[in-house]
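Chain and residue survey
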Amino acid sequence: MSAPACLFVMDPLDRIHVQGDSTFLLLLEARSRGWPCWYATPDQLYARDGDARVRCRALDVSQTAPHFAEGEAEDRSLGDFQVVWMRKDPPFDMDYIFATYLLDLAPPSTVVLNDPTSIRSANEKLFTLRFPELITPTLITRDIPAIQRFAAQAPDRIVLKPWDGNGGRGVLVTRHGDPNLRSMAEVLTADGRVHVIAQHHIPEIAQGDKRVILIDGEPVGQMLRVPQAGDHRGNMHVGATVEACGLTARDQEICARIGPSLREMGLLFVGIDIIGDYLTEINVTSPTGFREIRDLTGQRLEVAVTDAVLARVEAVQARADAAHRDPETL
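Notes on the structure in this doc start here.

So, how was this worked out
- Residues numbered from 1 in each chain as written.
- Predicted model: local features only at pLDDT ≥ 70, side-chain atom pairs only at ≥ 80, totals over all residues.
- Heavy atoms only, no water.
- Helix = DSSP H or I, 4+ residues; strand = E, 2+ residues; numbered from the N terminus.
- Rg over C-alpha atoms; globule rule 2.2 N^0.38 Å.
- Buried < 20%, exposed > 50% of the residue type's maximum accessible area, 1.4 Å probe, protein only.
- Contact = heavy atoms within 4.5 Å.
- Areas by Shrake-Rupley, 256 points an atom, 1.4 Å probe, with all protein chains shown as cover.
- Pairing = 2+ DSSP bridges.
- Axes fitted to C-alpha atoms, helices over the stretch in contact; angles between N-to-C directions.
- Phe/Tyr/Trp six-rings, centres within 6.5 Å; stacked < 30°, edge-to-face > 60°.
- Lys NZ or Arg CZ within 6 Å of the ring centre and 35° of its normal.

Concerning the overall build of the protein
Counting secondary structure elements, the protein contains 8 helices and 16 strands. In terms of overall dimensions, the protein is globule-like: its C-alpha atoms have a radius of gyration of 21 Å, near the 20 Å expected for 330 residues. Dimensions of the protein along its principal axes, counting C-alpha atoms only, are 70 × 45 × 40 Å. Within the protein, the fraction of its 330 residues that count as buried is 49%. Within the protein, contacts between residues separated by at least 24 positions form 66% of all contacts whose residues are at least 6 apart in sequence. For the protein, the computed accessible surface area is about 15,100 Å², with 50% contributed by carbon and sulfur atoms.

Observations concerning the sheet that holds strand β14 (residues 241-243)
The sheet built from 5 strands is open, its strands ordered β14-β13-β12-β15-β16 with antiparallel pairing. One side of each edge strand has no neighbouring strand; the edge strands of this open sheet are β14 and β16 (278-283). Strand-to-strand twist in this sheet, taken as the mean axis angle between neighbours without regard to direction, amounts to 30°. Pairing between strand β13 (residues 218-226) and β14: 3 bridges, direction antiparallel. Note that in β14 the partner of Leu 224 across the bridge is Glu 243. Each of β12 (209-215), β13, β14 and β15 (269-275) is contacted by helix α7 (residues 290-297), which is oriented at about 85° to β13, the strand it contacts most. In the packing of helix α8 (residues 301-325) onto the sheet, the strands contacted are β12, β13 and β15, and the crossing angle to β12 comes to about 35°.

A closer look at the packing of aromatic side chains
A complete count under the given rule lists 6 aromatic pairs for this structure. Considering the side-chain rings of Trp 38 and Phe 81, the 5.4 Å spacing of their centres and the 70° angle between planes classify their relative orientation as edge-to-face. Separated by 43 residues along the polypeptide, Trp 38 in strand β2 (residues 37-40) and Phe 81 in the loop between β5 (68-77) and β6 (83-87) bring together distant segments of the chain. Across the pair, exposure class does not vary: Trp 38 and Phe 81 are buried alike. By way of ring pairs, the aromatic residues Phe 8, Trp 85, Phe 269 and Phe 290 are connected into one cluster. Here the guanidinium or amino end of Arg 76 rests over the ring plane of Trp 38, the centre of that ring lying 4.8 Å away.

Describing the sheet that holds strand β8 (residues 138-141)
Whether parallel or antiparallel, the strands of a sheet pair through hydrogen bonds between backbone atoms. On the basis of which strands lie adjacent, the open sheet formed by 4 strands has the order β8-β11-β9-β10 and antiparallel pairing. The open sheet has two edge strands with one neighbour each: β8 and β10 (172-174). Averaged over all adjacent pairs, the angle separating strand axes in this sheet is 25°, with direction ignored. In this sheet, strand β11 (residues 196-200) lies alongside strand β9 (residues 158-162) in antiparallel orientation, the contact comprising 5 bridges. Across the sheet, the residue bridging to Lys 161 is Ile 197, located in β11. Contacting β8, β9 and β11, helix α4 (residues 144-153) crosses the sheet at an angle of about 170° to β8. Set on the sheet, helix α5 (residues 181-188) makes contact with β9, β10 and β11; between it and β9 the angle comes to about 20°.

Here's what the structure looks like:
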């Protein structure tokens, strides 16, 4: 089989922080194997007569500056690529959703990662609700009095956060009796017009928020993100530091519980967040952490992911070859 052609649908190159970007490592690994790569931003996807197409550029990458070498703009069908990576960072908004509709039109010969239909179905914060035994008590509502009642029934503090946020944006900690509680609920719900997430606070956040990387439903690497002093958020965007860690028995239980669903949905590369004994997020859109785990442990997860991608490409090719030999196998 010839080297698979890869398209990376991603953020603009000038927004890529190469020192900590997992997509950059995936590009480096693909190019080190001789795989030809192209890139585009989501707005450059389009469709004509049912053919999903893209305005893209060939891309070479390097560990040294200027890091990226672009070719001329080309108009291509997604069917020209054996692999399409959807690596656009959140927010998960209507533009993102629309891009997944276009990616749905890719032909069966093209492996799209992660599966665009499943990305739409698996909101990173709400997907955890499919596994209620793994999460802390959680309320999804835009009803401000309901949030107040939830806080009154909680044993300690609660967390309020947007359902579509990322990077720790809008995550607030409050409790029953806090004179700011109603005001926080009013702001986050836009006076009752927008749903928010309310959860019981998990005190183990002080020890860190664990990111676990799963490939094809199996845990392959992890790190602990420890909030900086005076902050409750375990997000690197807001100053959390990273530490090496292992997997507890509860972590392994969580991975074993959700792994089959991830495989069934075609979610090859996923990053889950665990605080204490609770699953808090399932990141499927553009999970990160490769660089930090590599620096902490020496693991090169981009190699493992690329190996898994190659296995999928080979499986698709094998099915196509079998169908060509015997059409009745379809």
